Amino acid sequence: MASSFRVWHCLLVFSLLSSVACGQLTPTFYATSCPTLELVVRSTMTQALAAERRMGASLLRLFFHDCFVQGCDGSVLLDDVGSFIGEKTAAPNAGSVRGFEVIDQIKTNVEAVCPGVVSCADIVALAARDGAFLLGGPSWAVPLGRRDSTTASLTDANNDLPAPTLSLSGLITAYGNKGLNARDLTALSGAHTIGFSQCLNFRDHIYNDTNVDAAFATLRRANCPVAPGSGDTNLAPLDAQTQLVFDNAYYGNLLSQRGLLHSDQELFNGGSQDALVQEYSTNPALFAADFVTAMIKMGNIRPLTGSDGQIRANCRVVNS
Ligand code: HEM
Ligand SMILES: *[C@@H]1O[C@H](CO)[C@@H](O)[C@H](O)[C@H]1NC(C)=O
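What you see is a predicted model; the values in this text were computed from it and never measured.

Looking now at the domain arrangement of the protein. Its domain assignment divides the protein into domain 1 (2–161) and domain 2 (168–290). Distance between the C-alpha centres of domain 1 and domain 2: 26 Å. Here domain 1 and domain 2 share an interface that buries about 1,200 Å² over both sides, 67% of which is from carbon and sulfur atoms. The largest contributions to the domain 1 side of the interface with domain 2 come from R54, F68 and L135, which together make up 43% of the buried area. In this structure, the connection of domain 1 to domain 2 is made through 1 salt bridge. Here D160 ties to K178 by a salt bridge, and the two come within 2.8 Å at their closest N and O atoms. On inspection of domain 1 and its partner domain 2, the count reaches 5 residue pairs in polar contact (both at pLDDT 80 or more). A total of 4 residues in the side of domain 1 that touches domain 2 trace back to one element, the largest contributor, which is helix α3 (residues 55–67).

In structure tokens, the structure reads:
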């Protein structure tokens, strides 16, 4: 009875709204169960960015690292405890991915108003949107209704997160494996309009690649010594022009061979994405629209919905 009602209800909703089907995410998921959710996330994010503006970038990246590993299920948030091994020690995450304390703070504030109903996975999705928006980027209605995983995968984190050493075809394959196309790749890479990279991730590019502006290479080499192991964690801005403003300057940098990562410059290196990079560099509205579309698509990678997974009480540990 209950399940047949659910099927009928979903079909009805589907026929009325046609863009919403059963089991899918929707921006109104918490409209009755937690109406103040988005205000709580926004105010906590505003405080976090007042303390450190870079945090907007860090949380945008955290969402990417969640979604590419097992889907957008909060798996990246799980700590290693006892026999449980999470994703935090994976090569792309270790000493690099950040913002967990801010997620904890948002979760605490959300639990205070709506205990037990909002997933950590959805909090990450909202924090990512707010991080981009508060640094000057577009806003959008975030589809919600994800549930939290009871598992994590160190192996998938090592295998599925694209490395900055990848070629354009390697990047396209990595995104294709997640149901994202080359246009999504190029639009999402625009997230590198904000935030920083450590020297170890761009050393090879600024010393060994030939498609790097000479003055730019000299500038970046000054704070990133050639010898592996020296200055590995020194930071440089991903966007040489406006490192803490979400704009389209990233694409202009690529046109002038001032992409910081090898993978960034691969998007404008005589290949299939050159024309799109050029378009985004002159048309910020097109970039913003495509970025939003691709963020929503990325946010839809294998979410747990319905009665799958759980609503974690503490984002760092599976409920006991
Ligand atoms: C195309 C494949 C991608 C590669 C190879 C890549 C690689 C990297 C690397 C190596 C860093 C620097 C990490 C460090 O040195 O600690 C970084 C930072 C960052 N990435 Fe990506 N990334 C990619 C796509 C994305 C996507 C899709 C997003 C979000 C939509 C994103 C958002 C960011 C942000 C915002 C930062 C700066 C974080 C901070 O300052 O804390 N990246 N990325
Ligand atoms: C440049 O490439 C060579 C050959 O692959 C490698 O041995 C060297 O470590 C690279 N240098 C840097 C700074 O990455």
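Both the distance between ring centres and the angle between the ring planes are used here to describe each pair of aromatic rings. This model, assessed by the stated rule, comprises 11 aromatic pairs. Ring geometry for F68 against Y175: centres 5.1 Å apart, planes inclined by 65°, an arrangement best described as edge-to-face. Of this pair, F68 sits in the loop between α3 and α4 (100–113) while Y175 sits in helix α7 (residues 168–176), and the two are 107 residues apart along the sequence. The exposure class of F68 is buried, given its relative accessible area of 0%.

Here we come to empty space enclosed by the protein. Considering all chains together, one arrives at 1 cavity of 30 Å³ or more under this definition. Estimated volume of the largest cavity: approximately 50 Å³. As for the largest cavity, its lining consists of F63, A125, W140, V142, P143, R146, M295, I296 and G299. Among the elements that line the lining of the largest cavity, the one with the most residues is helix α14 (residues 284–299), at 3 residues. When its residues are assigned to classes, the lining of the largest cavity shows 7 nonpolar, 1 polar and 1 charged.

In this section: the site of ligand 1. Close contacts around ligand 1 come from 27 residues, with R54, S58, S96, H192 and Q198 the closest. Within the contact set of ligand 1, an oxygen atom lies 2.6 Å away from a side-chain nitrogen or oxygen of S96. Between an oxygen atom of ligand 1 and a main-chain N or O atom of F196, the distance comes to 2.9 Å. Counting atoms within 2 Å of the grid points, the majority share of ligand 1 lands in the largest pocket. Elements supplying a minimum of two residues to the shell around ligand 1: α3, α7, α8 (182–188) and β1 (196–198). The biggest single contributor to the shell around ligand 1 is α3, with 4 residues. Among the residues forming the shell around ligand 1, the class breakdown is 15 nonpolar, 9 polar and 3 charged. Mapped onto the domain boundaries, the shell around ligand 1 takes at least three residues apiece from domain 1 (2–161) and domain 2 (168–290).

What follows covers the state of the cysteines. Here the structure, examined in full by the defined rule, presents 4 disulfides. Residue C199 pairs covalently with C224 via a disulfide, S to S 2.0 Å. Looking down the S-S bond of the C199 and C224 bridge, the torsion is 75°, so its handedness is right-handed. Remark: C224 occurs in the loop between α10 (214–221) and β2 (235–237) and C199 occurs in helix α9 (residues 199–208); sequence separation between them is 25 residues. Under the relative-accessibility criterion, C199 is labelled buried at 0%.

Considering only enclosed or pocket space, the largest pocket measures out at about 1,000 Å³ in volume. Around the largest pocket sit 43 residues that line it, and R61, F64, H65, H192 and L261 are the ones nearest its centre. Listed by contribution, the elements that provide at least two residues to the lining of the largest pocket are α3, α7, α8, β1, α9, α12 (262–266) and α14. For the lining of the largest pocket, the element with the most residues is α3, which contributes 6 residues. A class-by-class count of the residues in the lining of the largest pocket yields 27 nonpolar, 12 polar and 4 charged.

You will see that Q257, though not glycine, has its phi angle at about 55°, which is positive. Positionally, Q257 belongs in the loop between α11 (249–255) and α12. Its identity is not glycine, yet R302 carries a phi of approximately 35°, on the positive side. One can find R302 in the segment after α14.

Across the interface, helix α13 (residues 274–282) lies against α14 with an axial gap of 5 Å and an inter-helix angle of 115°. Taken together, the axes of α13 and α14 lie roughly perpendicular to each other. Across from E279, Y280 and T282 in α13, the residues of α14 making contact are P284, L286, F287 and D290. Per-class residue counts for the contact of α13 with α14 are 4 nonpolar, 1 polar and 2 charged.

Quick notes on the rules
Residues numbered from 1 in each chain as written. Chains lettered and ligands numbered in written order. Predicted model: local features only at pLDDT ≥ 70, side-chain atom pairs only at ≥ 80, totals over all residues. Heavy atoms only, no water. Domains from an automatic or database assignment. Buried area = accessible area lost by both parts, 1.4 Å probe. Salt bridge = Lys/Arg side-chain N within 4 Å of Asp/Glu carboxyl O. Polar contact = N/O pair within 3.5 Å; in protein donor to acceptor, adjacent residues only side chain to side chain. Helix = DSSP H or I, 4+ residues; strand = E, 2+ residues; numbered from the N terminus. Phe/Tyr/Trp six-rings, centres within 6.5 Å; stacked < 30°, edge-to-face > 60°. Buried < 20%, exposed > 50% of the residue type's maximum accessible area, 1.4 Å probe, protein only. 1 Å grid on protein atoms, 1.4 Å probe; cavity = no way out; pocket = protein on both sides within 12 Å on 5 of 7 lines; lining within 4 Å. Points joined across faces, edges and corners; volume = space filled by probe spheres on them. Nonpolar A, V, L, I, M, F, W, Y, C, P; charged D, E, K, R; others polar. Near = heavy atom within 4 Å. Sits in = over half its atoms within 2 Å of the grid points. Disulfide = S-S within 2.5 Å. Axes fitted to C-alpha atoms, helices over the stretch in contact; angles between N-to-C directions. Parallel < 35°, antiparallel > 145°, perpendicular 65-115°, else oblique. Contact = heavy atoms within 4.5 Å.

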